[in-house]
Amino acid sequence: MVMQRLSGWGRTAWTVADLVHTTDVDVVRSTIGTAGERGAISRGLGRSYGAAAQNAGGIVLEMTAENDPMGIDADFDPLTGLLTVAASVSIDAILRMCVPQGWFIPVTPGTRFVTVGGAIASDIHGKNHHIDGSFGQHVRSLTLMLSNGEVVELSPEQNPAWFWATVGGMGLTGVVLRATVAMLKIESSRVEVETVRLENFDAVCAAMSADGVDDDYRYSVAWVDLLATGASMGRGVLTRGDHAAASKVDNNDPLAYDPRLTVSAPGWVPNGLLNKWSIKAFNEAWYRKAPAKSHIGLESIPAFFHPLDGVNRWNRLYGKQGFIQYQFIVPLDRTDVLRKVIEKFSDAGVASFLAVLKRMGPQNNAPMSFPTEGWTLTLDMAAGISGLAELLSDVDSLVLDAGGRHYLAKDSHVSASAVRRGYPRIDEWMSTQEEMDPIGLWRSDLSRRLGLVDYRRSL
Ligand SMILES: Cc1cc2nc3c(=O)[nH]c(=O)nc-3n(C[C@H](O)[C@H](O)[C@H](O)COP(=O)(O)OP(=O)(O)OC[C@H]3O[C@@H](n4cnc5c(N)ncnc54)[C@H](O)[C@@H]3O)c2cc1C
């Protein structure tokens, strides 16, 4: 156990905890047995942006298996595509193992450096939510350690209430030890991608709407230029596609897969490197680089799904102040709210390096899962911009009044009451959580800030 300063990927709210790095079930059990009143929480690869995997003054169990000399702790059947894997294993390791055998992870976020445990706890979504739903929908079963050290098997059939409370439960129901995931069959390691730039926000929404052709594409996402004004407001670049057939790949080995990190962000970056002017210049170049008329081409898995992973530790580009990622969803018929939010950011001159729009499909059974049918907009911005808290609070009200909600895996801003309004099944989830953790062991900085758990129970 070492005292360690920890933050999320946004590098904002640092706190100190006793960190235990282990993948050993017995060590997990004995460690949680020593927890004091600040409790314990699991941590994967720390890619959630805020404080979901931190626990000030308590224990953080770092469940990662990178560079494990024993290799990947996984059992994969290439005939059925069923993968049983330790929760500490990353999507990166899974792809290296499964893509050459013709299988892909059913849901991937914008980085492959997340663990299976983190993917379940946040019920992550990808560019295919409108077709395939979120990660939890592809988990056939999972093994969970409860706060009393007992290990239980959960699935949508076997104790569904506990299973779905764990999916999207932000690590607050127990430690996920293993999971069985149904993988997706692919013929090649290439994605056939259509790219087109769209001149304003109406054009972006029309192209991505449910009554258009968007449902013909497994993957679909748009980058939006938040700094464009006037007739170009909300202009964007839409990319969508599906895994390419082997016959389309001009290569003897259509399943060859070789992700590489290309460059590293420097260790020291001046504050303000990513500012309104540098981002405006980037946005202009990015928009102009995209074809004005739809263009179809083949892209590699890293280029299409994980472009940011090409720059190691890119989160340092925001300098010491760190950055915030703000992601919300509103119902399909509330594009007016998206427009207002974009106008607010544009008027305030708050630049977002990454502004991404995605149409989501229906919600699954997990009470705390973020995705629900609607539009989700994700914005990155430097922390410490003057007036940012007020701007985001205004946006919170717009989102909540429209019946929307915020994504907890990205959050470092919203209030407990905003979560209560956004997640109507929160009381049901809290009573299941209490049943699973009657002593109130599982605690994180996020759960304390947002009142996710009733801490009147004491350890
Ligand atoms: C560049 C980038 C792009 C991203 N794109 C997307 C995206 O497209 N879609 C999306 O949904 N998310 C996205 N994310 C967010 C990311 O997928 C989630 O935050 C994910 O949970 C991170 O996994 P992790 O292993 O890093 O977990 P951590 O960040 O370490 O922890 C996240 C949560 O999981 C819990 N947890 C971790 N391991 C376990 C375990 N073994 N048992 C129980 N609970 C556990 C923690 O307690 C915490 O609550 C992105 C993040 C980055 C940095």
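Residues numbered from 1 in each chain as written. Predicted model: local features only at pLDDT ≥ 70, side-chain atom pairs only at ≥ 80, totals over all residues. Heavy atoms only, no water.

## Some words on the domain arrangement of the protein chain
No. 1: Domain boundaries assigned for the protein chain yield domain 1 (74-186) and domain 2 (190-414).
No. 2: The distance between the C-alpha centroids of domain 1 and domain 2 comes to 24 Å.
No. 3: In this assembly, 33 residues from domain 1 lie in contact with 36 residues from domain 2.
No. 4: Of the roughly 3000 Å² buried where domain 1 meets domain 2, counting both sides, 61% is carbon and sulfur surface.
No. 5: It is R112, K127 and H130 in domain 1 that bury the most area against domain 2; as a group they hold 26% of the surface buried on that side.
No. 6: On the surface where domain 1 and domain 2 come into contact, there are 2 salt bridges.
No. 7: Residue D132 is joined to R218 by a salt bridge in which the shortest nitrogen-to-oxygen separation is 2.8 Å. (Domains from an automatic or database assignment. Contact = heavy atoms within 4.5 Å. Buried area = accessible area lost by both parts, 1.4 Å probe. Salt bridge = Lys/Arg side-chain N within 4 Å of Asp/Glu carboxyl O.)

## Re the site of the ligand
No. 1: Around the ligand, 33 residues are found, and the nearest of them are S42, G44, S48, T115 and Y407.
No. 2: In the environment of the ligand, an oxygen atom lies 3.0 Å from a nitrogen or oxygen atom belonging to the backbone of L45.
No. 3: In the model, an oxygen atom of the ligand is placed 2.7 Å from a nitrogen or oxygen of the Y407 side chain.
No. 4: Starting from 970 Å² of accessible surface for the ligand in isolation, the protein chains cover 96%.
No. 5: Mapped by element, the contributors of at least two residues to the shell around the ligand are β3 (40-43), α3 (116-121) and β10 (175-182).
No. 6: Grouping the amino acids of the shell around the ligand by side-chain chemistry returns 17 nonpolar, 13 polar and 3 charged.
No. 7: The two domains that each donate at least three residues to the shell around the ligand are domain 1 (74-186) and domain 2 (190-414). (Near = heavy atom within 4 Å. Polar contact = N/O pair within 3.5 Å; in protein donor to acceptor, adjacent residues only side chain to side chain. Areas by Shrake-Rupley, 256 points an atom, 1.4 Å probe, with all protein chains shown as cover. Helix = DSSP H or I, 4+ residues; strand = E, 2+ residues; numbered from the N terminus. Nonpolar A, V, L, I, M, F, W, Y, C, P; charged D, E, K, R; others polar.)

## Description of the environment of V249
No. 1: By the secondary structure assignment, V249 is in the loop between β14 (236-243) and β15 (263-264).
No. 2: Residue V249 is classed as buried on the basis of its relative accessible area of 10%.
No. 3: When neighbours within four sequence positions are excluded, V249 is seen to be in contact with S188, R190, P254 and L298. (Buried < 20%, exposed > 50% of the residue type's maximum accessible area, 1.4 Å probe, protein only.)

## Some remarks on the sheet that holds β10
No. 1: Read from one edge to the other, the open sheet built from 5 strands follows the order β5-β6-β10-β8-β9, with strand pairing classed as antiparallel. On the outer flanks of this sheet lie β5 (74-77) and β9 (151-154), each paired with one strand and no other. The sheet shows a mean angle of 10 degrees between the axes of neighbouring strands, direction not considered.
No. 2: In this fold helix α1 (residues 25-33) packs onto β8 (139-145), β9 and β10, with an angle of close to 50 degrees to the strand it touches most, β8. (Pairing = 2+ DSSP bridges. Axes fitted to C-alpha atoms, helices over the stretch in contact; angles between N-to-C directions.)

## Considering the packing of aromatic side chains
No. 1: Applying the stated criterion across every chain, the model contains 12 aromatic pairs.
No. 2: Ring geometry for F76 against W103: centres 6.3 Å apart, planes inclined by 80 degrees, an arrangement best described as edge-to-face. Linking F76 in strand β5 with W103 in strand β7 (residues 103-104), this pair joins segments that are 27 residues apart in sequence. W103 carries the same exposure label as F76, and that label is buried.
No. 3: Taking 4.9 Å as the distance between ring centres and 80 degrees as the angle between the ring planes, the aromatic pair formed by F304 and F305 counts as edge-to-face.
No. 4: The buried category is assigned to F304, whose relative accessible area is 3%.
No. 5: Above the face of the W14 ring, R5 is positioned so that its terminal group lies 4.4 Å from the ring centre.
No. 6: Directly above the aromatic system of F304 lies the positively charged group of K127, at a separation of 3.8 Å from the ring centroid. (Phe/Tyr/Trp six-rings, centres within 6.5 Å; stacked < 30°, edge-to-face > 60°. Lys NZ or Arg CZ within 6 Å of the ring centre and 35° of its normal.)

## Let's talk about the pattern of salt bridges
No. 1: Counting across every chain of the model gives 21 salt bridges.
No. 2: Put simply, D214 and R359 hold a salt bridge, and the shortest N to O gap is 3.2 Å. Taken together, the residues span a long stretch of sequence, with D214 in the loop between α6 (201-208) and β13 (219-224) and R359 in strand β19 (residues 355-360) at a distance of 145 residues.
No. 3: Classification of D214 as buried rests on a relative accessible area of 0%.
No. 4: In this structure, D215 engages R359 in a salt bridge whose closest nitrogen and oxygen atoms are separated by 2.8 Å. Taken as a pair, D215 in the loop between α6 and β13 and R359 in strand β19 lie far apart in primary sequence, 144 residues in all.
No. 5: For R359, a relative accessible area of 4% translates into the label buried.
No. 6: Connected through shared salt-bridge partners, E194, D214, D215, R240 and R359 make up one network.

## Remarks on the pairing of β3
The two faces of a sheet get side chains in turn, since along a regular strand they alternate between them.
No. 1: Burial along β3 is two-sided: the face carrying A40 and S42 and the face carrying I41 and R43 are both buried.
No. 2: In terms of strand pairing, β3 meets strand β4 (residues 59-62) through 4 bridges, oriented parallel. Across the sheet, residue R43 finds its bridge partner in β4, namely E62.

## Some remarks on the sheet that holds strand β2 (residues 15-21)
No. 1: Strand order across the open sheet formed by 4 strands is β1-β2-β4-β3, with mixed pairing between neighbours. The open sheet has two edge strands with one neighbour each: β1 (2-6) and β3. If you compare each strand with its neighbour and ignore which way they point, the axes differ by 40 degrees on average.
No. 2: Both β1 and β2 contribute to a ladder of 5 bridges, which runs antiparallel. In the sheet register, V2 faces β2, and the bridge partner there is L19.

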